[in-house]
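Listed below, chain by chain, are the residues.
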There are 2 protein chains.
Amino acid sequence: MELPFFYAPALGQSASLEMEEDTARHITQVLRMQVGERVGVTDGKGNFSECTITTAAKRKCILMPGSVVQHPPPVKTITLAIALLKNKSRMEWFFEKATELGVQRFVPLITHRTERQVFRTDRMEGILISAMLQSQQYRLPELSEPVPFSNFIQEPLPRYALIAHCEPDEQKIPLTHYQQEQEVTVLIGPEGDFTPAEITQAIQAGYRPVSLGSTRLRTETAGIAAAACLCI
Amino acid sequence: MELPFFYAPALGQSASLEMEEDTARHITQVLRMQVGERVGVTDGKGNFSECTITTAAKRKCILMPGSVVQHPPPVKTITLAIALLKNKSRMEWFFEKATELGVQRFVPLITHRTERQVFRTDRMEGILISAMLQSQQYRLPELSEPVPFSNFIQEPLPRYALIAHCEPDEQKIPLTHYQQEQEVTVLIGPEGDFTPAEITQAIQAGYRPVSLGSTRLRTETAGIAAAACLCI
């Protein structure tokens, strides 16, 4: 796609689309685009339109959308439920790459070994939007507020509910085994892994143990490896 | 492994192993370890030993190695030949995660669309060492100096020589197809992809085109996805 590409959740609601201020500034000040020029816009819900700039001011940019193309929903629904990371840049890196790879849903988990911290959902949403645009996708992944592990595993299970952990376990199947499956959730543990009690709890709730290879991975690396395995 | 774990290429050469200064400082100042305590040491060539501290000073640490355990070489030889990234922190992330995942060899490529820059091989070696230790592995990946694309593709081919690119091509096979293979090299292109001429050149040299899924990936994301696909 050659056109500069932006996000506007209000796409399709009116014949006049006012862009959010930071985006407006980027279009008019950084890219120096002018009235009459065109940009691509997605609403993050599968819809895309080529839009024409009708107002281009310092902090204001208004577009006239063209026809809205609706892209079909993805075949797969991949959910990564991943322990909150204390290191914010590693967490952001994970969200960026997992979004590029095409994960549909993220659930930050509070596990026994998770260190307490503030999770800036709004900031992480910004990371997801940038990554969606960067990788030219039209659907924004869902991002939950952090949820305690024991609550999340009681939620209704997808077709394939998996827990990736490092404890020795002959029952573990390589995650690659599930590559072709369409509805998968994988639980990824904190540095130091899930506790044996958490693993038992998850298995009792219906989660199957999986392996992500033979090396010891950081949490965010495990998350990206799972995303790559299930999405590419 | 419970013991703090360090790198010393000279392991096995003598009954008295002097640690490099930064490592010495970490052992004695940060971890505050003392004479008589033990650490794990690898030489990055598959060898590991539990060593006892015999000297612990501010900038000096000497160990007495125990028996040296030789770990067998990996079954797989995965090489990622990846276009140099202008953004150093993205390049470093890539090397860190790809090492954790178990890639054996890295070749930074200078492609047509690569932006000119300095590649700090010594700094990147440091990243590889930390990642090797973090993931409790005993083999340091090889890291070449940057090499021009057209030179690299003329080198002898491994069993499976693959080029990942974004051009539409019915010949492309998903990289997942090669997951079980033991000797694989994958070429990963720059932002903006390999040029059509480069792709043709590689195919003529014997490289087969592969796909890394249907979304457009940043270079470092493509590299990690390839590593996850082939190593886990």
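Throughout this document, residue positions are counted from 1 along each chain, in the order its sequence is written. Written order decides the labels, with chains lettered from A and ligands numbered from 1. Whole-chain, interface and lining totals are the exception, using all residues; otherwise, since this is a predicted model, local features are given only for residues with pLDDT of at least 70 and side-chain atom pairs are given and counted only at 80 or more. In computing side-chain values, all of the structure's heavy atoms are included and hydrogens and water are not.

### Some remarks on the side chain of B:T121
Rules: The numbering of helices and of strands both runs from the N terminus, where a helix is a DSSP run of H or I of at least 4 residues and a strand a run of E of at least 2. Any pair of residues with heavy atoms lying within 4.5 Å of one another is described as a contacting pair.
Examined against the element boundaries, B:T121 turns out to sit in helix α3 (residues 121-134). When residues no more than four places from it in sequence are discounted, the contact partners of B:T121 are B:L143 and B:E145.

### Let's talk about the interface of chain A and chain B
The cut-off we apply is this: Here the quantity called buried area is the accessible surface, traced with a 1.4 Å probe, that two parts lose on coming together, added over both. Salt bridge, as used here, is a side-chain nitrogen of Lys or Arg placed within 4 Å of a carboxyl oxygen of Asp or Glu. Here a polar contact means two N or O atoms within 3.5 Å. Within protein one must be a hydrogen donor candidate and the other an acceptor candidate, and residues neighboring in sequence count only if both atoms are side-chain atoms. In this count, Pro and Cys sit with the nonpolar residues alongside Ala, Val, Leu, Ile, Met, Phe, Trp and Tyr, while Asp, Glu, Lys and Arg are called charged and the others, Gly among them, polar.
Taken together, the 28 residues of chain A in the interface contact 27 residues of chain B. Carbon and sulfur atoms supply 60% of the area buried between chain A and chain B, which totals about 2400 Å² over both sides. It is A:W93, A:R216 and A:I232 that lose the most area in chain A upon contact with chain B, and together they represent 24% of the buried surface on that side. One can count 8 salt bridges joining chain A with chain B. Across the salt bridge formed by A:E96 and B:R90, the nearest N and O atoms sit 2.8 Å from each other. Connecting chain A to chain B are 12 residue pairs in polar contact (both at pLDDT 80 or more). Those elements giving two or more residues to the side of chain A that touches chain B turn out to be α2 (88-101) and α6 (219-231) of chain A. In terms of residue count, α2(A) provides more of the side of chain A that touches chain B than any other element does, 7 residues in total. Tallied by class, residues from the side of chain A that touches chain B come to 9 nonpolar, 11 polar and 8 charged.

### Considerations on the domain arrangement of chain A
All names here are of chain A. Where we set the bar: These domain boundaries are the output of an automatic or database domain assignment.
On domain assignment, one finds that chain A holds domain 1 (5-70) and domain 2 (77-231). Facing the 9 residues of domain 1 at the interface are 8 residues of domain 2. When the buried surface of domain 1 facing domain 2 is broken down by residue, F5, Y7 and G44 rank first, second and third, together holding 63% of it. Summed over the shared surface of domain 1 and domain 2, the result is 0 salt bridges. If you list the elements that add at least two residues to the side of domain 1 that touches domain 2, you get β1 (5-7) and β4 (47-56). Ranked by the residues each element gives to the side of domain 1 that touches domain 2, the list is headed by β1, at 3 residues. Per-class residue counts for the side of domain 1 that touches domain 2 are 4 nonpolar, 4 polar and 1 charged.

### Observations concerning helix α1 (residues 21-30) of chain B
Residue and element names in this part refer to chain B. The cut-off we apply is this: For every residue, the accessible area (1.4 Å probe, protein chains only) is compared with the maximum for its type, and the residue is labelled buried under 20%, exposed over 50%, or partly exposed between those bounds. This arc is taken over the directions from the axis of the helix to the C-beta atoms.
Of all the positions in α1, only T23, A24, I27 and T28 are classed as buried. Viewed along the axis of α1, the buried residues span an arc of 115°, placing them on a single side of the element. Residues of α1 that are buried sit in contact with β1 (5-7), β4 (47-56) and β5 (61-70). One or two positions beyond α1, positive phi appears at R32, with a value near 55°.

### Here we look at the confidence of the model for chain A
Cut-off, in case you're wondering: What pLDDT expresses is the predictor's confidence in each residue, scored from 0 to 100.
Predicted confidence across chain A gives a mean pLDDT of 95, with 100% of residues reaching 70 or more. Two summary scores accompany this predicted model of the complex, namely pTM at 0.93 and ipTM at 0.92.

### What to know about the packing of aromatic side chains
The criterion, for reference: Working definition: rings of Phe, Tyr and Trp (its six-membered ring) pair if their centres are within 6.5 Å, and the pair is stacked with planes under 30 degrees apart, edge-to-face with planes over 60 apart, and tilted otherwise. Two limits define a charge over a ring: the Lys NZ or Arg CZ must be within 6 Å of the ring centre, and within 35 degrees of the ring normal.
As enumerated under the stated definition, the model contains 19 aromatic pairs over all chains in all. With a centroid separation of 5.8 Å and 75° between ring planes, the pair formed by A:F5 and A:Y138 is classed as edge-to-face. Pair noted here: A:F5 is in strand β1 and A:Y138 is in the loop between α3 (121-134) and β8 (142-143), with a separation of 133 residues, a long-range link. In terms of burial, A:F5 and A:Y138 fall into one category: buried. Through pairs of rings, three or more aromatic residues link up here, namely A:F94, A:F95, A:F106 and A:F119. Looking at B:K97, its charged tip hangs above the ring of A:W93, at a distance of 5.5 Å from the centre.

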